[in-house]
2 protein chains.
Amino acid sequence: MSTIKDVAKYCGYSVATVSRVINDDPIVKAETREKVLLAIRALKYRPNLVAKNLRTQKSNSILVMIPTIANPYYAEVLRGIEQGVKETEMNPIIGTVEFDPKHMDHFLELLDSNQADGVIFISSSITSDRLTEVAKKHPAVMCNEYFDPMPVSYVSINNEDAAYEAACELANAGCKQIAYFSGVRDSSSSLDRSRGVKRAEEECESVAVSIIRGEDDLHSLKNKIRRILEENPEIDGLIMNSDVNGSVAIRALVEMDLVPGKDVRIISFDGTIISEITTPMLSCVKQPLFDLGYKAVWLLEKQMKEENAPIERLILSHEVTIRET
Amino acid sequence: MSTIKDVAKYCGYSVATVSRVINDDPIVKAETREKVLLAIRALKYRPNLVAKNLRTQKSNSILVMIPTIANPYYAEVLRGIEQGVKETEMNPIIGTVEFDPKHMDHFLELLDSNQADGVIFISSSITSDRLTEVAKKHPAVMCNEYFDPMPVSYVSINNEDAAYEAACELANAGCKQIAYFSGVRDSSSSLDRSRGVKRAEEECESVAVSIIRGEDDLHSLKNKIRRILEENPEIDGLIMNSDVNGSVAIRALVEMDLVPGKDVRIISFDGTIISEITTPMLSCVKQPLFDLGYKAVWLLEKQMKEENAPIERLILSHEVTIRET
DNA sequence: AATAAAGCTGTAATCGATTACATCGAGTGG
DNA sequence: CCACTCGATGTAATCGATTACAGCTTTATT
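All of these numbers come straight from a predicted model, not from anything done at the bench.

Draft legend 1. Local environment of the protein's contact with DNA strand D. A:I4, A:S19, A:R55, B:R20 and B:T32 are the nearest of the 28 residues found near DNA strand D. Each atom of DNA strand D within 4 Å of the protein belongs either to a base or to sugar and phosphate, the latter forming 63%. A:N48 places a main-chain nitrogen or oxygen 2.6 Å from a phosphate oxygen of DNA strand D. For the surface near DNA strand D, the elements supplying multiple residues, two or more each, are α2 (15–22) and α4 (49–56) of chain A together with α2 (15–22) and α4 (49–56) of chain B. Taken together, the residues that form the surface near DNA strand D break down as 11 nonpolar, 10 polar and 7 charged.

And the structure:
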């Protein structure tokens, strides 16, 4: 590979001038620029970005901490991030944590070793303290979840309203007894949603809502749903905390000879492709997944541009989509 | 952030010695090593990997070209890659091409600009010529697909055998007329699978197989399946080229009041989580997705270690899993 | 015409590491 | 006692870019 020196030699200018051409410095004479560009093309020169990064002290990449990539939900958020990052000529470094804090630390090292300029935490299980510590040294943003008080900017939907609307939707469709499966963690989203369904219960007096906590694998969740439905045959509405879990609910119902969407209605969170490929198709709370990622980048860039940019809270709009359940 | 110089000053040794300690050079005296390590800890020093990469002329990252991340299939392969890469202290840079060759070029630039040391193409739509060109300058490996003749090492399953076995499985279950939906591209996998189903047709004389090409979105694929089944009511077996398309087949059948797994059997390729969350659960050809990724890294590393490492072909074993369709 | 200003380009220091080679003291052998 | 080896550390060049500052032309100003 040729270097900037080779180009300089080839066209008879100094490396400084070549560098200026590369970086579009308007100070170079048009004629000079042409000659340099010619040389660059002739030698098929590509700037060594590692050298550039060392000199300029930025890496041009941002770290994205994600629980797992094996979930269409995160994959879609990631697409938004990639789009955002691409528009500013940066590169994303994707750190899949796989629910292991050791992995998290491994990736966070990238920040300290100058390989990443900032970090986005998606639905992260990082602790508030650790995040605060990271945020002191590096620009950081959260996506989907937040802490109170907020150590960094974040973007998400209004989970409370979303859950409220989902419950109302079921109530309007005639459901009298709704079970909300919230997942186990006392994450901000899970708490907000619980608050939302409770609010619906208070406001529409015709409906009762119970909250079922606990995170299970596919199989045990299915059994749990069956058990709960058998013990409480009056339940006629389910709110599931993800599309995958919505699909599990469908299966549980089918196995009990109940018809999803008729005997028992289901609304799941997320609106990923999963909700479109089940039979029947899942009604769901559609999150703006792509935009969540895109905006997260946008927030992060603000933090990176200004040393003391204010911390922001960004709420995107969701949409309750009724399909076949 | 402190630098190697700060550490040197702090402990009274030269930067050379500090560097030797960092890189575990056995030549430094044990006592010296201790003092240096103490200084490193005291200053919370982290080596600047950008500087290291510049000096050593390697980036410690590999590029992974993937069609899209929004597909559990690729996500799982990626998990294998991440595992492999992690074991060698490298980092993956994920380039999602989204079926746009411009994106591909953008990412391939990383190789020329010293930001990546090698590249893995997953199910890539790169042309044979372009790949050959890239491979001339950089270590490269293909995953899932291949070219003939092979410009680089690759890893995949034996798609011909897999399709053959799937067809035989349907035949054994009593199917007389099988339709194989192959997808549109004349990719190596698609061609191999076509060969496989044809071989099954020849060998089991009781069964006839037709190959249906063409790549459609979810909705038009569903209509296509319906149309074909209406026009050919004798079809009693479907082989779909992916789990997502398998789920579409389920829906098409249900809409026609046919029972998947009884009136018409379905076997789909891949064995992603999708095949487990449909109702009924899809029978499928399970690919070793994680291992495909893991081994791809392994092959790439061989190429990176030796300038002229031989090109290899690695075939992993698949498994036909009969579930409910 | 002398001088100041403006426009371009070049020189060389710098980013933070690695590493070939030099150096220096202690130990060894004759 | 001298020469030599060996072990441990230091000196300084280097990777390939950016950029402050210097310096040289050319143009403008009085």
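Draft legend 2. Examining the pairing of strand β3 (residues 118–122) of chain A more closely. Residues and elements named next belong to chain A. Burial runs high along β3: 5 of the 5 residues are buried. Side-chain alternation along β3 places G118, I120 and I122 on one buried face and V119 and F121 on a second face that is also buried. Looking at chain direction, strand β1 (residues 61–66) and β3 are connected through 4 bridges and run parallel. If you follow M65 over to β3, its bridge partner there is F121. Note that β3 and strand β4 (residues 140–143) share 4 bridges and pair parallel. When the sheet's bridge partners are listed, I120 is paired in β4 with V141. Crossover β3 to β4 through helix α7 (residues 128–137) is right-handed.

Draft legend 3. Representation of the relation of the copies chain B and chain A within the structure. Screw-axis analysis of chain B against chain A gives a translation of 0.0 Å along the axis, an RMSD of 0.1 Å, and a rotation angle of 180 degrees. Considering both components of the superposition, the chain copies are consistent with a two-fold axis. Comparing interface residues between copies, 100% of those in chain B also sit at the interface in chain A, which points to an isologous, same-surface contact.

Draft legend 4. Examining the protein's contact with DNA strand C more closely. A:R20, A:T32, B:I4, B:S19 and B:R55 are the nearest of the 27 residues found near DNA strand C. When atoms of DNA strand C within 4 Å of the protein are split into backbone and base, the sugar-phosphate part holds 61%. The separation between a base oxygen of DNA strand C and a polar side-chain atom of A:R55 is 2.6 Å. Among the secondary structure elements, those contributing two or more residues to the surface near DNA strand C are α2 and α4 of chain A together with α2 and α4 of chain B. In the surface near DNA strand C, the residues fall into 10 nonpolar, 10 polar and 7 charged.

Thresholds, definitions, all that
- Starting afresh in each chain, residues are numbered from 1 along the sequence in its written order.
- All chains are assigned letters beginning at A, and all ligands numbers beginning at 1, according to the order in which they are written.
- Since the coordinates come from a predicted model, pLDDT governs what is reported: local features require at least 70, and pairs of side-chain atoms require 80 or more to be given and counted, while whole-chain, interface and lining totals use all residues.
- Where side-chain values are given, they derive from all heavy atoms of the structure, hydrogens and water being excluded.
- Neighbouring residues are identified by heavy atoms, a residue being near a molecule or strand if any of them is within 4 Å of it.
- Polar contacts, as counted here, are pairs of nitrogen or oxygen atoms within 3.5 Å of one another; within protein the pair requires one atom able to donate a hydrogen and one able to accept it, and residues that are adjacent in sequence qualify only if both atoms are side-chain atoms.
- Each helix corresponds to a stretch of at least 4 residues labelled H or I by DSSP, and each strand to a stretch of at least 2 residues labelled E; elements are numbered beginning at the N terminus.
- In this classification, the charged set is Asp, Glu, Lys and Arg, the nonpolar set is Ala, Val, Leu, Ile, Met, Phe, Trp, Tyr, Cys and Pro, and all remaining amino acids, among them Gly, are polar.
- Each residue gets one of three labels from its accessible area relative to the maximum for its type: buried under 20%, exposed over 50%, partly exposed in between, using a 1.4 Å probe on protein chains only.
- Pairing between strands requires that DSSP locate at least two bridges from one strand to the other.
- A crossover counts as right-handed when, viewed with the strands pointing away from the observer, the path leading from the first strand over the helix to the second turns clockwise.
- Copy-to-copy alignment: least squares on C-alpha atoms, limited to residues at pLDDT 70 or above in both.
- In what follows, a contact means two residues having at least one pair of non-hydrogen atoms within 4.5 Å.

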